[in-house]
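# Structural characterization, general
Single-letter residue listing:
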2 protein chains.
Amino acid sequence: MTDANRVWRLRRRPTGEIEEGDLSFETEAIPEPAEGQCLVRLNYLSVDPTNLVWMKRDSYIPAVALDDPMRGVVCGTVVESRSEQLPEGAVVSGLGTWADYQLGSPETLQVMADTSPMPVAEAFGTFAVVGPTAYVGMIDIGQPKEGETVVVSGAAGAVGSIAGQIGKIHGCRVVGLAGTPKKCSWITEDLGFDAAINYRADDIPSALDEACPDGIDVYFDNTGGEILDACLARMNVFGRVVTCGQISQYTSAEGWSGPANYGSILVNRLTVKGFIILDHMDRYPEAIGTMAAWMAEGKLKARNEIVDGLENAVDTCKRLFSGEHEGKLMVRVEEIAAG
Amino acid sequence: MTDANRVWRLRRRPTGEIEEGDLSFETEAIPEPAEGQCLVRLNYLSVDPTNLVWMKRDSYIPAVALDDPMRGVVCGTVVESRSEQLPEGAVVSGLGTWADYQLGSPETLQVMADTSPMPVAEAFGTFAVVGPTAYVGMIDIGQPKEGETVVVSGAAGAVGSIAGQIGKIHGCRVVGLAGTPKKCSWITEDLGFDAAINYRADDIPSALDEACPDGIDVYFDNTGGEILDACLARMNVFGRVVTCGQISQYTSAEGWSGPANYGSILVNRLTVKGFIILDHMDRYPEAIGTMAAWMAEGKLKARNEIVDGLENAVDTCKRLFSGEHEGKLMVRVEEIAAG
């Protein structure tokens, strides 16, 4: 069985959260690459809130078809190749599946640049999706100016924790919302946020009033829902709402609910802009280069929590919605030794 | 009593629609201009949906104070002046009050350019607020491209009827929503909209599906509410929502309700941008020049409905919310004879 291929397949669309039986863990044959393809051994699997959307419905990309392998952002090693662009031995990343072995092509995977001295897992966790998402969202859309107030929801999450630090680097007052005292301590004490609000314990509107005495200029929205509504009510004129995620709505079985304070968009002449990082691949070189420099200077910290075992992929994904982790969650299937 | 000054004063904040007793019609002394001010004889009063917001609450400008004269966009003639910039005899426009005679200053009023051969009333009705609003909203924010689909709510209203025509001038398929068969005929037969939806009679979602087989690229939102929600659900990727008004919400006594399909902003990477024309005074020269040329070429039609008598100002304003008019509503207090 050492060569057997373990594959998570989507069997049923979750209605609310992911439930037992929505995915099944199969043991299958290892596929053969056709001309132009390669066979990839999965090393690391990124789990992201958007995975739940992919299970549920068509969105910015089609839903995963029922009975297909679950889609994910992957980092792996080419073990057999019929594609010149993806040679045997190359470490690659891109869109793949939740499977030990999978076929890839240059349309979905690219060879990762040398990440040393950063371990591959750290570079993949920080730069494959979440870092560029935080960078493009905060800099291109949020356009933070020195002295402005930035609020970030999901602030202890993978994207939010980086987005808030980018706000600090731009000289803003940065306030984060997170769901536990531990997360609140992490973002203020380790990451330098000016204030943290525990959205499960605090009264969100009055906590925002206290933390943002000059109103809000940039709201980096990872959650939607009640926090979005409270922020809309406190936006300054010409404020920017960066619509990066709506995680409070992803697990809803009843359909989404809109913000009652939508009218603030008109009254305060806001710009609300949604984005998906896949549309901004041209920004990756600048984003990664700039963030790597910030990290080297100690201005930016990224935390990756690595869970071992592909068999734990579903449980790890569920933790994204229970609010029990800080930073980026990923699954290690097979470590890549330092070059 | 010929010199007496009739003034509408705000006595109570409307909760839902404007009701008897919310404003009172007083006869008062004509005020005296101080240094730097002038005395203006009101000729035309613009009534606009935003007037109701000014009565109710602080928004992009403070609410009208209780017992103060009601605020409005006015066109008048300077009858006495202690301001060099606003000389006696000048026809002026800007922010004033619902009163026969009122004080003005260069901070609130400007001398109107010669409008001939267009009558002053027509020029004021078309260019003081609604034309530039439609122009800036559609061109700067909507950014319509040839072949795209534009949807306009409040399409038989003052701004919407012009915004839709600007979409046609840019080579778009333009669909308007209006509240009566007569309005629907007007926008399709007289103004050249490609399709009209009677939002009171038709099922909005299925009517939009039929009228917009290729989805919606630009939604010019004058209404908010149910139409906004249905449009959000049909926006194409990278679509633009021009948030110009939320008239469906202005009369609500229960607070505003947000769009359930807000998540489309993320999924379809929309840009939703609110604007108030007062922020865009620098765009007036281009907007007026371009629209005047379009009107001379017969590409753009503007309809002004003029109601006589300052005593009818409140009833005329109420008509904005009952959906019984087409184009721009204004009140004539004293005609300006053609120069």
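As the structure is a computational prediction, the values presented were derived from the model and not from experiment. (Residues numbered from 1 in each chain as written. Chains lettered and ligands numbered in written order. Predicted model: local features only at pLDDT ≥ 70, side-chain atom pairs only at ≥ 80, totals over all residues.)

### A word on the overall build of chain A
Within chain A, the secondary structure is distributed over eleven helices and 15 strands. The C-alpha atoms of chain A give a radius of gyration of 20 Å, which matches the 20 Å a tight globule of 339 residues would have. Expressed along its principal axes, the backbone C-alpha trace of chain A runs to roughly 60 × 45 × 35 Å. Here chain A, with 339 residues, has 52% of them falling under the buried criterion. Counting only contacts in chain A whose residues sit at least 6 apart along the sequence, the fraction spanning at least 24 positions is 65%. (Helix = DSSP H or I, 4+ residues; strand = E, 2+ residues; numbered from the N terminus. Rg over C-alpha atoms; globule rule 2.2 N^0.38 Å. Buried ≥ 20, exposed ≤ 12 C-beta atoms within 10 Å, placed from the backbone. Contact = placed C-beta atoms within 7 Å.)

### A word on the relation of the copies chain A and chain B
You can overlay chain A on chain B at an RMSD of 0.0 Å; the transform is a turn of 180° with a shift of 0.0 Å along its axis. Such values leave the two copies arranged in the relation of a two-fold axis. Of the interface residues in chain A, 100% have counterparts in chain B that sit at the interface too, so the contact is made through matching surfaces. (Least-squares fit on C-alpha atoms with pLDDT ≥ 70 in both.)

### What about the interface of chain A and chain B?
The parts lose accessible area when they come together, and the size of an interface is often stated as this lost area. Contacts between the two partners involve 26 residues from chain A, matched on the other side by 26 residues from chain B. Secondary-structure elements contributing two or more residues to the side of chain A that touches chain B are helix H9 (264-267) and strand E13 (271-274) of chain A. A total of four residues in the side of chain A that touches chain B trace back to one element, the largest contributor, which is E13(A). Its residues placed into classes, the side of chain A that touches chain B shows twelve nonpolar, eleven polar and three charged. Direction of pairing for E13(A) relative to strand E13 (residues 271-274) of chain B: antiparallel, over a ladder of three bridges. Residue pairing for E13(B): Thr271(A) is matched across the bridge by Lys273(B). (Nonpolar A, V, L, I, M, F, W, Y, C, P; charged D, E, K, R; others polar. Pairing = 2+ DSSP bridges.)

### Here we look at unusual backbone geometry
Cis peptide bonds are those with omega within 30 degrees of zero, and the linkage from Ser116(A) to Pro117(A) qualifies with 10°. Following the sequence through the fold, Pro117(A) ends up in the loop between strand E7 (109-111) and helix H2 (120-127). Its identity is not glycine, yet Gln143(A) carries a phi of approximately 45°, on the positive side. You can see Gln143(A) is positioned in the loop between helix H3 (130-142) and strand E8 (149-152). Overall, the presence of 14 C-beta atoms within 10 Å leaves Gln143(A) in the partly exposed class. Unlike most non-glycine residues, Asp67(B) shows phi in positive territory, near 75°. Here Asp67(B) is to be found in the loop between helix H1 (50-56) and strand E4 (71-81).

### Here's the deal with the sheet that holds strand E12 (residues 235-243) of chain A
On the basis of which strands lie adjacent, the open sheet formed by twelve strands has the order E10(A)-E9(A)-E8(A)-E11(A)-E12(A)-E13(A)-E13(B)-E12(B)-E11(B)-E8(B)-E9(B)-E10(B) and mixed pairing. If you trace the sheet from one side to the other, it starts and ends with strand E10 (195-198) of chain A together with strand E10 (195-198) of chain B, each paired once. Strand-to-strand twist across the sheet, computed as the mean angle between neighbouring axes with direction ignored, equals 15°. Two strands pair when backbone bridges link them, and strand E11 (residues 216-221) of chain A and E12(A) are joined in this way by five bridges, in the parallel orientation. Residue pairing for E12(A): Ile216(A) is matched across the bridge by Met235(A). Running at roughly 165° to strand E9 (residues 173-178) of chain B, helix H4 (residues 158-169) of chain B makes contact with strand E8 (149-152), E9 and strand E11 (216-221) of chain B of the sheet. (Axes fitted to C-alpha atoms, helices over the stretch in contact; angles between N-to-C directions.)

### Side note on the pairing of strand E6 (residues 101-104) of chain B
Residue and element names in this part refer to chain B. Judged by which residues are buried, E6 turns out to be covered on both faces: Tyr-101 and Leu-103 on one side and Gln-102 and Gly-104 on the other are all buried. As paired strands, strand E3 (residues 38-46) and E6 are joined by four bridges and run antiparallel to one another. Pairing of Arg-41 across the sheet is with Tyr-101, part of E6.

### Focus on helix H7 (residues 225-232) of chain B
Counting buried residues in H7(B) gives six out of eight residues, a clear majority hidden from the surface. Buried within H7(B) we find Gly225(B), Ile227(B), Leu228(B), Ala230(B), Cys231(B) and Leu232(B).

### Re the environment of Gln110(A)
For Gln110(A), the location among the structural elements is in strand E7. Once the C-alpha coordinates of Gln110(A) and Gln85(A) are considered, the two residues, 25 residues apart in sequence, prove to be 8.1 Å apart.

### Some details on the packing of helix H3 (residues 130-142) of chain B against H4(B)
All names here are of chain B. It is at 8 Å that the axes of H3 and H4 come closest, and there the two elements cross at 45°. Overall, the two elements H3 and H4 adopt an arrangement that is oblique. The element H3 and its partner H4 pack so that their crossing is right-handed. Where H3 abuts H4, its residues Val-130, Gly-131, Thr-133, Ala-134, Tyr-135, Gly-137, Met-138 and Ile-139 lie against Ala-158, Val-159, Ile-162, Ala-163, Ile-166 and Gly-167. Of the residues belonging to the contact of H3 with H4, the class tally is ten nonpolar, four polar and no charged. (Parallel < 35°, antiparallel > 145°, perpendicular 65-115°, else oblique. Left-handed = near helix turned anticlockwise from the far one by under 90°.)

### Quick word on the domain arrangement of chain A
Residue and element names in this part refer to chain A. As assigned here, chain A comprises domain 1 (5-112 + 303-332) and domain 2 (130-278). The C-alpha-based centres of domain 1 and domain 2 are spaced at 29 Å. Contacts between domain 1 and domain 2 engage 13 residues on the former and 15 residues on the latter. Partitioning the side of domain 1 that touches domain 2 into residue classes produces five nonpolar, four polar and four charged. (Domains from an automatic or database assignment.)

### Here we look at the pairing of E10(A)
Residues and elements named next belong to chain A. As defined by bridge partners, strand E9 (residues 173-178) adjoins E10 across four bridges and the pair is classed as parallel. In the strand pairing of E10, Ala-178 is matched with Asn-198. Since E9 and E10 lie parallel, the crossover through helix H5 (residues 181-190) that links them has a hand, and here it is right-handed. (Right-handed = clockwise from strand over helix to strand, strands pointing away.)

### A short note on the nonpolar core
In this structure, Leu45(A), Cys231(A), Leu45(B) and Cys231(B) are the most contacted members of the largest nonpolar core, which totals 208 residues. Leu45(B) has contacts with Gly72(B), Val74(B), Trp98(B), Leu310(B), Ala313(B), Met330(B), Val331(B) and Val333(B), leaving out every residue within four places of it along the chain. (Core = buried A, V, L, I, M, F, W, Y, C linked by C-beta atoms within 7 Å.)

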